[in-house]
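Secondary and tertiary structure notes
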Amino acid sequence: MKNTNLSPTPSIYGLDLTKQPSELMEGLRNKLMCVRGEMSDIINAFPVTEIDMKHLCGLLSCGLEVLYRAKKEALEREIKKDDKERGKSLYFSSRGLGSDWGTCFICEESEKILRTNIAAFVKSKEEGETILSWFNGKARLDFRPSEPNWIQMKVCACEKHIHNLEYLSEQTSRYHIIRKKDVEDAVNYKEPDNAKVTEI
Ligand SMILES: [Zn+2]
């Protein structure tokens, strides 16, 4: 989700300041982790550099820890703000699009074929049932009493509605949460028509 409180200050270092602070901090952490990894490579290749470089690695590790906490706090703030604007959110963590057997979450096309799907972990059976109600039952809660801590929500789409599922995946993957409004937006999502060519 884009940052709606745009900073009037342009980025001197080429950062995309329309992104949320948590996303920017995550990017910074990834860069620092790469630098720390490169330092380890140098130490391994040239052991004489070890003492100085290890001090620098230690400093970077402290920075990474501070950034981790700052990112976590920023995430919590951003979710709280969005909850106020878009309604209650629940944990919904998927690894993106996969495939599974199931009916389409929009048109309920039920022919028994493999479809594009999202399999997302939810926190509890109760929360899973709430999320299922947001889909008006057009999804499946995979709850197995033998594995009560591994509960997944399975959402499938037919060929015609793959873009709606992609949209839902995009909306829910940033914070690993879902809202009733996300489901409604995904159902009503219309793909931008880029196919039109202006004739001269
Ligand atoms: Zn469909």
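For the structure, see preceding data.
Residues numbered from 1 in each chain as written. Predicted model: local features only at pLDDT ≥ 70, side-chain atom pairs only at ≥ 80, totals over all residues.

1. Some points on the overall build of the chain
How we decide: The helix count covers DSSP runs of H or I at least four residues long, the strand count covers runs of E at least two residues long, and both are numbered beginning at the N terminus. Labels follow a simple rule on C-beta atoms placed from the backbone: if 20 or more others lie within 10 Å of a residue's own, it is buried; if 12 or fewer, it is exposed; otherwise it is partly exposed.
Scanning the chain from N- to C-terminus turns up five helices and six strands. Its helices and strands in sequence order give the chain the pattern α-α-β-β-β-α-β-β-α-β-α, from N to C terminus. For the chain, the spread of C-alpha atoms along the three principal axes comes to 65 × 65 × 35 Å. Burial status across the chain gives 19% buried among its 200 residues.

2. Considering the pairing of strand β3 (residues 114–122)
Quick note on the threshold: The pairing criterion is simple: DSSP has to find at least two bridges between the two strands.
β3 sits mainly inside the fold: seven of its nine residues count as buried. When β3 meets strand β5 (residues 151–157), the two strands line up antiparallel, connected through seven bridges. Across the sheet, A120 pairs through a bridge with M153, a residue of β5.

3. Description of the nonpolar core
As a reminder, the rule being used: We define the nonpolar core as any set of buried residues of the types Ala, Val, Leu, Ile, Met, Phe, Trp, Tyr and Cys, connected via C-beta atoms lying within 7 Å of each other. Remark: residues whose backbone-derived C-beta atoms lie within 7 Å of one another are considered to be in contact.
Judged by nonpolar contacts, the single largest core of 21 residues is most densely connected at F105, M153 and V155. At the level of elements, β3, β5, α4 (162–173) and α5 (180–188) are the ones that each hand at least two residues to this core. At five residues, the largest contribution of residues to this core is made by β5. With sequence-adjacent residues up to four places away left out, F105 is seen in contact with F135, K138, A139, V155, C156 and A157.

4. Quick look at unusual backbone geometry
Even without glycine at this site, N136 takes up a positive phi of about 50 degrees. Considering the arrangement of structural elements, one finds N136 in the loop between α3 (125–134) and β4 (140–142). In this structure N136 comes out as exposed when scored by C-beta crowding, with 11 C-beta atoms within 10 Å.

5. Observations regarding the sheet that holds β5
Threshold: Every axis in this analysis is a line fitted to C-alpha atoms, fitted for helices over the stretch in contact. Angles between the N-to-C directions lie between 0 and 180 degrees.
The antiparallel open sheet is built from four strands, whose spatial order is β2-β3-β5-β4. Two strands lie at the open edges of the sheet, namely β2 (93–101) and β4, each paired on one side alone. Within the sheet, the average angular offset between the axes of one strand and its neighbour, ignoring direction, is 30 degrees. Helix-sheet contacts for α3 involve β3, β4 and β5, and the interaxial angle to β5 is about 20 degrees. Contacting β2, β3 and β5, α4 runs over the sheet at an angle of about 155 degrees to β2.

6. A short note on α4
Filter applied, for reference: Helix span, as expected, comes to 1.5 Å for every residue beyond the first. In this context, the arc is that of the directions from the helix axis out to the C-beta atoms.
The terminal C-alpha atoms of α4 lie 16 Å apart, and with twelve residues this matches the ideal 16 Å at 1.5 Å per residue to within 8%. Among all positions in α4, only N164, L165, L168, S169 and T172 are buried. Considered in projection along α4, the buried side chains sweep an arc of 140 degrees and stay on one side of the axis. Contacts from the buried residues of α4 go to β2, β3, β5, β6 (177–179) and α5.

7. Description of the packing of α4 against α5
Counted only if it meets this: Reported orientations rely on four angle classes, namely roughly parallel under 35 degrees, roughly antiparallel over 145, roughly perpendicular from 65 to 115, and oblique for the rest. Note on convention: the crossing is left-handed when the near helix lies turned anticlockwise from the far helix by less than a right angle, right-handed when the turn is clockwise. Classification convention: Asp, Glu, Lys, Arg as charged; Ala, Val, Leu, Ile, Met, Phe, Trp, Tyr, Cys, Pro as nonpolar; all other residues, Gly among them, as polar.
Their axes nearest at 8 Å, the elements α4 and α5 cross at an angle of 150 degrees. In terms of their interaxial angle, α4 and α5 are classed as roughly antiparallel. Where α4 crosses over α5, the handedness of that crossing is right-handed. Two secondary-structure elements touch here, α4 through N164, Y167, L168, Q171 and T172 and α5 through D182, D185, A186 and V187. Among the residues forming the contact of α4 with α5, the class breakdown is four nonpolar, three polar and two charged.

8. Describing the environment of C104
Mapped onto the fold, C104 is located in the loop between β2 and β3. The buried category is assigned to C104, around which 23 C-beta atoms lie within 10 Å. Along the backbone, C104 and M39 are 65 residues apart, and their C-alpha atoms lie at a distance of 49 Å. Residues contacting C104, with those up to four places away along its chain left out, are E109, R115, C156, A157, C158 and H161.

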